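Structural overview for review
So you can see what is in the structure, the chains are spelled out below.
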Amino acid sequence: NKKSLGKGVNHEIEVEISKEVFELELKKCTKHLYKTRYIKKVGKYKWEIDVFSFDLVIAEVEMKTRAELKTIKVPNFMKTELIADITGVKPFSNFNLAYKWKKKS
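Rules used in this analysis
Residues numbered from 1 in each chain as written. Predicted model: local features only at pLDDT ≥ 70, side-chain atom pairs only at ≥ 80, totals over all residues. Heavy atoms only, no water. Helix = DSSP H or I, 4+ residues; strand = E, 2+ residues; numbered from the N terminus. Buried < 20%, exposed > 50% of the residue type's maximum accessible area, 1.4 Å probe, protein only. Contact = heavy atoms within 4.5 Å. Patch = residues over 30% accessible without salt bridge, like charges linked within 9 Å, V, L, I, M, F, W, Y side chains within 5 Å. Areas by Shrake-Rupley, 256 points an atom, 1.4 Å probe, with all protein chains shown as cover. Salt bridge = Lys/Arg side-chain N within 4 Å of Asp/Glu carboxyl O. Pairing = 2+ DSSP bridges. Axes fitted to C-alpha atoms, helices over the stretch in contact; angles between N-to-C directions.

What follows concerns the overall build of the protein. Scanning the protein for helices and strands turns up 3 helices and 5 strands. Along its sequence from the N terminus, the protein presents helices and strands in the succession β-β-α-β-β-β-α-α. For the protein, buried positions account for 14% of its 105 residues. The contacts of the protein with a sequence gap of at least 6 include a subset with a gap of at least 24, amounting to 40%.

The structure is reproduced here in structure tokens:
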């Protein structure tokens, strides 16, 4: 569960579930999003890089405090590929991407 607290700041609760519960919940879904997630640790941060099935790549990094937002630097391996900061841009949420992807298929 993720709740926006402001631009670039979310409160997120992650809960581990069993494979059985996951499969039951998956059957209820009307939208699906296919992506491969890569995780790369750079310094003290863990970058989550999602490669979607429709030629989109999004990188995300989580910080513990708002002050860290001002200090984060994009790692060199991503600088040449970076197009835009999509922090807080609703069309790029997983929910909205799944809706768009479903309409095109």
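On the surface, Ile13, Val15, Ile17, Val21, Phe22 and Leu26 cluster together into a nonpolar patch covering about 540 Å² of accessible area. By the element assignment, Val15 lies in the loop between β2 (9-12) and α1 (19-28). Exposure remark for Val15: the relative accessible area of 64% places this residue in the exposed category.

Quick look at unusual backbone geometry now. Positive phi, normally seen in glycine, also occurs at Asp55, with a value near 60°. In this fold, Asp55 is placed in the loop between β4 (45-52) and β5 (57-61). According to the relative accessible area criterion, Asp55 is exposed, its value standing at 79%.

This paragraph deals with the pattern of salt bridges. Counted by the stated rule, this structure contains 7 salt bridges. Of the charged contacts, one joins Glu68 and Lys44 as a salt bridge, the two residues approaching to 3.7 Å between their closest N and O atoms. Here the residue Glu68 occupies a position in the loop between β5 and α2 (76-79), and Lys44 occupies one in the loop between β3 (35-42) and β4, the gap between them amounting to 24 residues. For Glu68, a relative accessible area of 13% puts it in the buried group. For Lys44, a relative accessible area of 61% translates into the label exposed.

The strand order β3-β4-β5 describes an open sheet built from 3 strands, whose pairing is antiparallel. The open sheet has two edge strands, β3 and β5, and neither has a second partner. Recorded for the sheet is a direction-independent mean angle of 20° between the axes of neighbouring strands.

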